[in-house]
Amino acid sequence: MHAFENLDVFGGVVSLDFANTVDGRATEQPVEYLHTYADLAAWSAYMGMIDDATAERLGRLDGGASLDQALSLREAIFQVFRAIGRGEPAPVAELDEVRLRYAEAVAAARLSPGDDGTFGWRFEGDDPDRAWWPIAVDAVRLLTGGPLDRIKVCAAPAGCVGLFLDTSKNRSRRWCTMDGCGVDAKVKRQATRRRTAR
Ligand SMILES: [Zn+2]
C-alpha cells in the first residue's frame, strides 16, 4: 500500500498541499503523514517535485534536521495561508519563516530554462533539504503572484482546516474535496468507536 493512499490532495498548489499533510488539524486526533525524513522525501516525489530515484537516495540520508526545518516551514505556510484565506493579516513571524526558507532554497538553486523556455529555480544534488526547497519556492510564488483571493479554508465545522485554491468559475467551492469534507464523518466514526470502547 502506498504511504499516501489515504491522503487527499486537494490544495491545487504544492505549498497548500504541504500544509494539508496534517489531516484534521483542529480535531481531537489529527493525522500526521510525515513522521520521518524518508516520508518527506517520498511525499516530494509523490507531488512530482523530485523523481523517485532521487527520493530513494535522499530517503537513505540522515535527514532529521531537514525534517525539522520542513515541518517548521509547513506550520508557517499553514498559519500564513489560513490567515489569508480568512481575510486576516498574515502573521509576521511565520511570514519571516517562509522568507528565510525561501532565501535558503534560492541560495542553493540554479536559474535555468525549463521546457517552455521560461527560467525558474532548479535543484540538483543530494542535499537532504532538496526535499523541501521547492515548497518554499512555491509558497513565495503564491504569496507574490497570487491568486490570494482564491485561497480558502475548508468550511467543515469538525476541524478539517484544509487549505485549497478555489479555481471554480464562480468561486463557490467550500469544502476541501469536491464531494464534501471527510473529516466530519471521520470524527463521528472516532466518537462512535470511543463510545463502543467504554
Ligand atoms: Zn475538509
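- The name that an unreviewed UniProt entry assigns to the protein is ABATE domain-containing protein, with the source organism given as Paractinoplanes pyxinae.

**Quick look at the environment of Gly 63**
Here comes step 1: As for its placement among the helices and strands, Gly 63 is situated in the loop between α3 (52-59) and α4 (64-85).
Here comes step 2: Sequence-wise, Gly 63 and Pro 128 are 65 residues apart; in three dimensions their C-alpha atoms are separated by 5.7 Å.
Here comes step 3: Sequence-distant contacts of Gly 63, defined by excluding residues within four places in its chain, comprise Tyr 37 and Pro 128.

**Points about unusual backbone geometry**
As a rule of thumb, non-glycine residues mostly have phi less than zero, and peptide bonds are mostly trans rather than cis.
Here comes step 1: Following Gly 146, the chain continues to Pro 147 via a peptide bond in cis, the omega torsion being 5°.
Here comes step 2: Residue placement: Pro 147 occurs in the loop between α6 (133-145) and β5 (151-153).
Here comes step 3: Even without being glycine, Arg 171 reaches a positive phi, approximately 55°.
Here comes step 4: With respect to the element layout, Arg 171 can be found in the loop between β6 (163-165) and α7 (183-197).
Here comes step 5: Arg 171 gets classed as partly exposed once you look at its relative accessible area, which sits at 38%.

**Some points on the pattern of salt bridges**
Here comes step 1: On inspection of all chains with the given rule, the structure shows 11 salt bridges.
Here comes step 2: Residue Arg 110 pairs with Glu 124 through a salt bridge whose shortest N-O separation is 2.8 Å. One end of the pair, Arg 110, is in strand β3 (residues 110-113); the other, Glu 124, is in the loop between β4 (119-122) and α6, with 14 residues separating them in the sequence.
Here comes step 3: Here Lys 152 makes a salt bridge to Asp 166, at a shortest N to O gap of 2.6 Å. Here Lys 152, found in strand β5, pairs with Asp 166, found in the loop between β6 and α7; they are 14 residues apart in sequence, far enough to count as distant.
Here comes step 4: Residue Asp 166 is classed as buried on the basis of its relative accessible area of 0%.
Here comes step 5: The network of salt bridges with common partners includes Arg 25, Glu 32, Arg 74 and Glu 75.

**With respect to helix α5 (residues 92-108)**
Here comes step 1: Spanning 17 residues, α5 covers 25 Å between terminal C-alpha atoms, matching the ideal 24 Å at 1.5 Å per step.
Here comes step 2: Three or more residues of α5 are buried, namely Glu 97, Val 98, Arg 101, Ala 105 and Val 106. Projected onto a plane normal to the axis of α5, the buried residues spread over an arc of 165° and lie on a single side. Facing away from the buried side of α5 by more than 90 degrees, the exposed set consists of Val 92, Ala 93 and Ala 107.
Here comes step 3: Packed against the buried residues of α5 are α4, β4 and α6.

Basis of the calculations
Residues numbered from 1 in each chain as written. Predicted model: local features only at pLDDT ≥ 70, side-chain atom pairs only at ≥ 80, totals over all residues. Heavy atoms only, no water. Helix = DSSP H or I, 4+ residues; strand = E, 2+ residues; numbered from the N terminus. Contact = heavy atoms within 4.5 Å. Buried < 20%, exposed > 50% of the residue type's maximum accessible area, 1.4 Å probe, protein only. Salt bridge = Lys/Arg side-chain N within 4 Å of Asp/Glu carboxyl O. Expected span 1.5 Å × (residues − 1). Arc of directions from axis to C-beta.

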